[in-house]
Amino acid sequence: MTETPLRKIPFHDAEGAERTLDDYGTGPVLVVNVASKCGLTPQYGQLEELQREYGERGFTVIGFPCNQFMGQEPGSMEQILEFCSTTYGVTFPINDKVKVNGRNATDLYKALKETPDGRGKTGRVEWNFEKFLVSPDGSVQRFRPKQLPDDPEIVSAIETALAD
């Protein structure tokens, strides 16, 4: 049995429809586990800025609400979508709530967590707003939660992925 390429691993959007990363285009995607009641929640604003800056070039931010970290995403999908839209003007896709760690982690996150971060560490997602940049060829770069979306390292990685 062959392994499913990362960009083809199915997950569910906010309406429950099955999707893959490729459904959002062939450009690079920044996969982020998000939460509405976290100290890092203001990163939504920077993520939206990245979407607006690079979206026309094929880049997409994709948010996955997750309630695994101190219950910081307790709302329904309707509440989450309303919060994102009214508080941060989010236009990028927010998908169905997922588990990112543990036995019940969604398949996409099981695959993403095999990617080492800048220190060479793989494994568990540390907290809300961990970021995975998936290039068109399926290669992945991992950025930990406290690394802000507008960090020059992340912006450079996006620009490089767009140039490929």
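Here is what the cut-offs are and how they apply
- Residues numbered from 1 in each chain as written.
- Predicted model: local features only at pLDDT ≥ 70, side-chain atom pairs only at ≥ 80, totals over all residues.
- Heavy atoms only, no water.
- UniProt positions renumbered as here; feature names shortened; annotations may be inferred.
- Core = buried A, V, L, I, M, F, W, Y, C linked by side-chain atoms within 4.5 Å.
- Buried < 20%, exposed > 50% of the residue type's maximum accessible area, 1.4 Å probe, protein only.
- Helix = DSSP H or I, 4+ residues; strand = E, 2+ residues; numbered from the N terminus.
- Contact = heavy atoms within 4.5 Å.
- Phe/Tyr/Trp six-rings, centres within 6.5 Å; stacked < 30°, edge-to-face > 60°.

- The name recorded for the chain in an unreviewed UniProt entry is Glutathione peroxidase, from Microbacterium resistens.
- According to the UniProt record, the Sequence similarities (unreviewed entry) comment for the chain is "Belongs to the glutathione peroxidase family."

Thoughts on the nonpolar core
When a protein is soluble and globular, its nonpolar side chains tend to lie buried together.
Inference 1: Counting residues in each nonpolar core, the largest one holds 28 residues, and the members touching the most others are Y44, F59, I94, L133 and I158.
Inference 2: Residue contributions to this core peak at six residues, all from helix 4 (residues 152-163).
Inference 3: If near-sequence neighbours (up to four positions away) are discounted, Y44 is found in contact with V34, A35, E73, F83, C84, Y88, V90, F92, I94 and F129.
Inference 4: Counting 19 residues, the second-largest nonpolar core is a separate cluster that includes C66, V100, Y109 and V134.

Overview of the packing of aromatic side chains
Inference 1: For the structure on display, the rule yields 11 aromatic pairs.
Inference 2: Centroid distance F64 to Y109: 5.9 Å. Interplanar angle 85°. Geometry classified as edge-to-face. Remark: Y109 occurs in helix 3 (residues 107-112) and F64 occurs in strand 4 (residues 60-65); sequence separation between them is 45 residues.
Inference 3: Each member of the aromatic cluster is reached from another via a ring pair, and the members are F11, Y24, F64, Y109 and F132.

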